[in-house]
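Observations on the three-dimensional arrangement
Each chain is listed here by its residues.
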Amino acid sequence: MTDKPIALISGAAQGIGLACANALADDGYKVILADIKETVMAEAEQLDGAGYICDFSDVDAIKALFDMIEREHGPVSALVNNAGIAMPGDFLSYDLDAFDTVLGVNLRGVFVATQRAAQTMVAKGIEGAIVNMSSINAQVAIPAIPAYCASKGGVMQLTKVAALALAKNNIRVNAVGPGSIDTEMMAGVNANPDAFKTAMSRTPLGRPGGAKEIGDVVAFLCSSKASYVTGETIYVDGGRLGLNYTC
Ligand SMILES: NC(=O)c1ccc[n+]([C@@H]2O[C@H](COP(=O)([O-])OP(=O)(O)OC[C@H]3O[C@@H](n4cnc5c(N)ncnc54)[C@H](O)[C@@H]3O)[C@@H](O)[C@H]2O)c1
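The text that follows walks through the structure, step by step, so that each part is easy to find.

Rules of the game
Residues numbered from 1 in each chain as written. Predicted model: local features only at pLDDT ≥ 70, side-chain atom pairs only at ≥ 80, totals over all residues. Heavy atoms only, no water. Helix = DSSP H or I, 4+ residues; strand = E, 2+ residues; numbered from the N terminus. Rg over C-alpha atoms; globule rule 2.2 N^0.38 Å. Buried < 20%, exposed > 50% of the residue type's maximum accessible area, 1.4 Å probe, protein only. Areas by Shrake-Rupley, 256 points an atom, 1.4 Å probe, with all protein chains shown as cover. Lys, Arg positive; Asp, Glu negative; His and termini not counted. Charge placed at Lys NZ, Arg CZ, Asp CG, Glu CD. Contact = heavy atoms within 4.5 Å. Pairing = 2+ DSSP bridges. Right-handed = clockwise from strand over helix to strand, strands pointing away. Axes fitted to C-alpha atoms, helices over the stretch in contact; angles between N-to-C directions. Parallel < 35°, antiparallel > 145°, perpendicular 65-115°, else oblique. Left-handed = near helix turned anticlockwise from the far one by under 90°. Polar contact = N/O pair within 3.5 Å; in protein donor to acceptor, adjacent residues only side chain to side chain.

1. Some points on the overall build of the protein chain
- Broken down by element type, the protein chain carries eight helices and seven strands.
- By the compact-globule yardstick of 18 Å for 247 residues, the protein chain fits well, its C-alpha radius of gyration being 17 Å.
- Dimensions of the protein chain, computed from C-alpha atoms along their principal axes, come out at roughly 55 × 40 × 35 Å.
- The 247 residues of the protein chain split such that 51% are buried.
- Carbon and sulfur atoms provide 56% of the accessible area of the protein chain, an area that totals close to 12000 Å².
- Counting 18 positive and 26 negative side-chain charges, the protein chain places the centres of these two groups 7 Å from one another.

2. Some words on the side chain of Ser-77
- With respect to the helices, strands and loops of the structure, Ser-77 is situated in strand β4 (residues 76-81).
- Classification of Ser-77 by relative accessible area gives buried; the value is 16%.
- Look past the residues within four positions of Ser-77 in its chain and what remains in contact with it is Pro-5, Ile-6, Tyr-29, Met-121, Ile-126, Gly-128 and Ala-129.

3. Topic: the pairing of β4
- For β4, the buried fraction is high: six of the six residues fall into the buried class.
- Pairing of strand β1 (residues 6-10) with β4 involves four bridges; the strand directions are parallel. For Leu-8, the partnering residue across the bridge sits in β4 and is Leu-79.
- Of the strand pairs in this sheet, β4 and strand β5 (residues 129-133) are connected by four bridges, and their pairing is parallel. Directly across from Ala-78, in β5, lies its bridge partner Ala-129.
- Taking the sense of rotation as the criterion, the β-α-β connection linking β4, helix α4 (residues 96-124) and β5 turns out right-handed.

4. Considering the packing of helix α1 (residues 15-26) against helix α8 (residues 211-222)
- At a minimum axis distance of 8 Å, the contact between α1 and α8 shows a crossing angle of 50°. Taken as axis vectors, α1 and α8 run oblique relative to one another. When you trace α1 past α8, the crossing you get is right-handed. For the pair α1 and α8, contact is made by Gly-15, Ile-16, Ala-19, Cys-20, Ala-23 and Leu-24 and by Ala-211, Lys-212, Ile-214, Gly-215, Asp-216, Val-218, Ala-219 and Cys-222, respectively.

5. Description of the environment of Gln-14
- When you line up the elements, Gln-14 lands in the loop between β1 and α1.
- Judged by its relative accessible area of 29%, Gln-14 is partly exposed.
- Sequence spacing of Gln-14 and Glu-184 is 170 residues, and the spatial spacing of their C-alpha atoms is 8.4 Å.
- Among residues more than four places away in sequence, those in contact with Gln-14 are Lys-37 and Glu-184.
- Of the polar contacts made by the side chain of Gln-14, one reaches the side chain of Glu-184; its length is 3.3 Å.

If you want it as structure tokens, here you go:
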């Protein structure tokens, strides 16, 4: 058990999730890092937090994780639904199993974790915060990642639904929509000079974002500084969504 408020971050072994964990630890949370990757354990130790292996596409595993956290540390007051996968493929031949796999992590997993976290928050009167990792692909689309784009649009709407359902309990639910952020997910673009140039030509700030720049916005949304913000998706994209074209 801990006196600190508890923050659970999914997909926290690396990249944006790990940056969220860092930012929330800086803000005084006991951070619980969960991931399918073993390396999450060492990262959690670095932050004086706790690490758990959990597959966020597995409903029973998510529920068991919350049961364990509540037993070993206490109730979660900030949840960051960050775990996500892309699985590119041609639209005309896109594999349905891949579609279900992506939706299972990126959308169903977010719903299950949000529902489970909120059940305890409501039962214990915790005025918590939930932040979902959406994407600019909730608003604009890339044809090579059909399931990913659909899932992130779903996350934007799920964020609104959860915010409305939980508002009477003073539980705030928001999302962050990153643009091109320099993590393993962007490795394919980074490795291809033409793709990188194209992505940056669509980024007014002219550079990829850093994971910390997402973690800091997530920490803001979890904090009392965002006490009147709920149901929103904040796009952290270097200006991408504002761009029509330049001459
Ligand atoms: N990097 C970007 O440009 C970018 C842009 C928009 C949105 N996002 C979103 O940000 C989030 C984090 O992405 P990232 O860039 O840090 O990618 P990443 O691939 O570096 O990290 C994703 C993490 O999620 C974990 N994960 C994957 N499937 C999981 C599962 N079933 N259960 C638990 N953990 C799982 C991975 O092991 C990994 O540690 C994702 O939701 C992604 O869609 C990223």
